[in-house]
Amino acid sequence: MNVDTSTINPLENEAIYIFREVAAQFENPVLLFSGGKDSITLVRLAQKAFYPAKIPFPLMHIDTGHNFPETIEFRDRLVQELGLNLIVRNVQESIDQGKVTEESGKYASRNRLQTTTLLDAIDEFKFDACIGGARRDEEKARAKERIFSVRDDFGQWDEKNQRPELFDMLNGQIELGQNVRVFPISNWTELDVWSYIEKENIEIPSIYFAHTRATFLRDGLIWSANDDVVYREDDETVEDRLVRFRTVGDMSCTAAVLSSASDIATVVEEIRASTLSERGARIDDKRSEAAMEKRKQQGYF
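Residues numbered from 1 in each chain as written. Predicted model: local features only at pLDDT ≥ 70, side-chain atom pairs only at ≥ 80, totals over all residues. Heavy atoms only, no water.

A. The pattern of salt bridges, seen in detail. This model, assessed by the stated rule, comprises 23 salt bridges. Note that Glu-190 and Arg-246 form a salt bridge whose closest N and O atoms lie 2.6 Å from each other. With Glu-190 in helix α7 (residues 190–200) and Arg-246 in the loop between β9 (239–244) and β10 (257–258), this pair connects stretches of sequence that are 56 residues apart. On the basis of relative accessibility, which here comes to 6%, the residue Glu-190 falls in the buried class. Two residues, Glu-200 and Lys-199, come together in a salt bridge whose shortest N-O distance is 2.8 Å. Residue class for Glu-200 comes out buried when judged on its relative accessible area of 16%. Shared partners join several salt bridges into a network, and the residues in it are Glu-12, Arg-44, Lys-48, Lys-199 and Glu-200. (Salt bridge = Lys/Arg side-chain N within 4 Å of Asp/Glu carboxyl O. Helix = DSSP H or I, 4+ residues; strand = E, 2+ residues; numbered from the N terminus. Buried < 20%, exposed > 50% of the residue type's maximum accessible area, 1.4 Å probe, protein only.)

B. Summary view of the packing of helix α2 (residues 37–50) against α7. With their axes 10 Å apart at the nearest point, α2 and α7 run at an angle of 55° to one another. As the angle between them shows, α2 and α7 are arranged oblique. By crossing handedness, the relation of α2 to α7 is classed as left-handed. Where α2 approaches α7, its residues Lys-37, Asp-38, Thr-41, Arg-44, Leu-45 and Lys-48 are matched on the opposing element by Glu-190, Val-193, Trp-194, Tyr-196, Ile-197 and Glu-200. Its residues placed into classes, the contact of α2 with α7 shows five nonpolar, one polar and six charged. (Axes fitted to C-alpha atoms, helices over the stretch in contact; angles between N-to-C directions. Parallel < 35°, antiparallel > 145°, perpendicular 65-115°, else oblique. Left-handed = near helix turned anticlockwise from the far one by under 90°. Contact = heavy atoms within 4.5 Å. Nonpolar A, V, L, I, M, F, W, Y, C, P; charged D, E, K, R; others polar.)

C. Seen up close, unusual backbone geometry. In the segment running from Tyr-51 into Pro-52, the intervening peptide bond is cis, with an omega of 10°. Examined against the element boundaries, Pro-52 turns out to sit in the loop between α2 and β2 (59–63). Positioned with a positive phi, Lys-126 is a non-glycine residue whose angle comes to about 60°. Structurally, Lys-126 can be placed in the loop between α5 (114–125) and β4 (129–131). Although it is not a glycine, Asn-201 adopts a positive phi angle of roughly 55°.

D. Spotlight on the packing of aromatic side chains. In the structure shown here, the tally under the stated rule is seven aromatic pairs. On the numbers, 5.6 Å between centres and 85° between planes, the contact of Trp-194 with Tyr-208 is edge-to-face. With a gap of 14 residues between them, Trp-194 in helix α7 and Tyr-208 in the loop between α7 and β7 (211–218) connect regions that are remote in the sequence. Comparing Trp-194 with Tyr-208 shows no difference in burial state: the two are buried. Taken together, Phe-19, Phe-50 and Phe-57 form an aromatic cluster joined through their ring pairs. Of note, Arg-232 hangs over the ring of Phe-216, and the distance from its end group to the ring centre comes to 5.9 Å. (Phe/Tyr/Trp six-rings, centres within 6.5 Å; stacked < 30°, edge-to-face > 60°. Lys NZ or Arg CZ within 6 Å of the ring centre and 35° of its normal.)

E. Representation of the sheet that holds β2 in the model. Ordered by their spatial adjacency, six strands build an open sheet running β3-β2-β1-β4-β6-β5, and the pairing between neighbours is mixed. Of all strands in the sheet, those with a lone pairing partner are β3 (86–90) and β5 (148–151), marking the two edges. Averaged over all pairs of adjacent strands, the angle between their axes in this sheet comes to 30°, without regard to strand direction. Relative to strand β6 (residues 179–182), β4 runs parallel, the two being bridged by three bridges. (Pairing = 2+ DSSP bridges.)

And the structure:
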């Protein structure tokens with residue numbers, strides 16, 4: 001990979017600085033990787049941060065078992081092509097061990113259950129920094145996050161106990177048992193991410209582009225009917241629609257949007273014209289006014 005430093009933009013430059021600070025200040029970091037556009041962008045930024053050396057830490061995916069097949073296929077292919085170390089820990093194992101209980105019913109999802117699996121994995125590998133792709137524009141609870149977000153020895157986040165980050169000073173000092181979540185693209189927007197993907201010609205899963213899919217409508221949202229994961233009532237009619245996904249989380253809580261955008265340039269124009277947040281298609285965020293904040297306090301990404 002050739003790195004042209006003359007084209008580095010401020011957001012990219014900040015993210016590269018953050019990655020290098022993580023490598024300098026922490027002993028055992030990991031990059032949380034789902035195969036979605038934000039974590040794919042993080043991989044490209046990490047490549048640039050440490051080029052020509054390899055990324056000096058592993059990737060880890062907390063797999064709900066209900067991910068879109070296109071995303072998992074892309075995840076596995078990318079790590080193989082780049083020669084990266086991928087750790088996978090499965091929510092199903094947490095269910096089998098009785099640590100969490102599978103939800104049932106119309107709005108059942110494994111998204112919330114990821115927290116226990118993640119915290120167990122952090123403890124298993126003794127990770128002191130977990131790098132994630134959360135952005136402040138996504139949701140108001142994430143807007144409260146610092147770039148270095150300290151979690152206590154129970155993995156919990158206290159929004160009232162955040163460190164100041166003045167003049168880009170990132171404080172990685174932690175006490176025994178604590179760990180830090182790191183968000184290199186915290187200041188990016190969805191449009192920034194897509195524009196960067198376009199500029200860098202980064203490959204992403206096909207599910208982000210328009211395709212004909214068997215779907216049904218519920219609560220004003222478009223749900224995939226291609227699998228046995230998404231709950232569907234007998235009277236919810238399946239129809240083929242031209243759709244794409246703006247976010248690719250757990251299938252049970254991630255809806256599609258009508259779209260004819262078949263390439264990155266068209267997606268960028270579509271995002272530029274959109275008035276809705278990408279997480280407007282994530283039903284798990286709508287369980288309550290403070291759904292995301294509560295999950296974060298419990299140790300969520």
